[in-house]
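# Structural description and commentary
The residues making up each chain are set out below.
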Amino acid sequence: EGAPPRAVQSVVDGLLFAGLIGTSTLVDTSALPRLRGVYKPEGGRPETLLSAAEHLALYRQRPRPWLLEAVRLQPPVMSSSKVTPAGGTRCLFRGAERILPEGTFVVANLYHASTDPAAWGNDAHDFKPGRPADKYLNWNGPFGGDAPRQCPGEHLSLEMGKALVDAWVEAKAPPLEA
């Protein structure tokens, strides 16, 4: 009775913080600009753009795959980092396996990983919901071993983001044509 144990509270706080940050970025940066027809890739990235009507139709057909594809091309978290553990870490870098020494600080750019033609094919910059779900790195990062690291807020962000986008679609989007 009373306050939850400190360890439980720290887990809950982390989950809520991660979920809040991921959700606000998912909705404000990844999803609604596409549905409103105002999305522009940053820095002149070569993304193939769809119209607001095309995005809305795709979202209504399959909301979750649409959200995953939106955040693949505009990740809520742009990078993931870690310090390599005791014994170092093996990783693939520029086509060759490398060993990063213990204690090396490593940062992965999730946008580049999520649009790499070697991983996603020649259509890596095309918006195509329904790509293999196990390839998405939006919240989790690419590190090996026990990874991809599961972001504690990923599922919360997706569910809250879907609820918020659903509410926007219901309130603001043009009705379906008969």
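Placed above this text is the structure.
Described in the following lines is the structure provided in the data block. This structure is a prediction, so every number in the text was calculated from the model and none was measured. Residue indices follow the written sequence of each chain, beginning from 1 at its first position. Totals for whole chains, interfaces and linings use all residues, but because this is a predicted model, local features are given only for residues with pLDDT of at least 70 and pairs of side-chain atoms are given and counted only at 80 or more. Working from all heavy atoms in the structure, the side-chain values ignore hydrogens and water.

## Some remarks on the overall build of the chain
The secondary structure listing takes helices from DSSP runs of H or I that are at least 4 residues long and strands from runs of E that are at least 2 residues long, numbered from the N terminus. For the chain, the count of helices and strands is six helices and four strands. Going residue by residue from the N terminus, the α and β elements of the chain occur as α-α-α-β-β-β-β-α-α-α. Relative to its 178 residues, the chain shows a buried fraction of 37%. Long-range pairs, those at least 24 residues apart, make up 68% of the contacts in the chain between residues at least 6 apart in sequence. Type-normalised accessible area, obtained with a 1.4 Å probe on protein chains alone, sets the label of each residue: buried when under 20%, exposed when over 50%, and partly exposed for intermediate values. Between two residues, a contact is recorded if the distance between any of their heavy atoms is within 4.5 Å.

## A short note on the pattern of salt bridges
Salt-bridge detection follows one rule: a side-chain nitrogen of Lys or Arg within 4 Å of a carboxyl oxygen of Asp or Glu. Summed over all chains, the structure comprises seven salt bridges. Put simply, R131 and E69 hold a salt bridge, and the shortest N to O gap is 2.8 Å. On the criterion of sequence distance, the pair formed by R131 in the loop between helix 5 (117–120) and helix 6 (154–172) and E69 in helix 3 (residues 63–73) is long-range, its members being 62 residues apart. Each member of the pair, R131 as well as E69, is classed as buried. The shortest N-O distance in the salt bridge between D123 and R131 comes to 3.4 Å. Residues joined by salt bridges that share partners form a network here, namely E69, R72, D123, K128 and R131.

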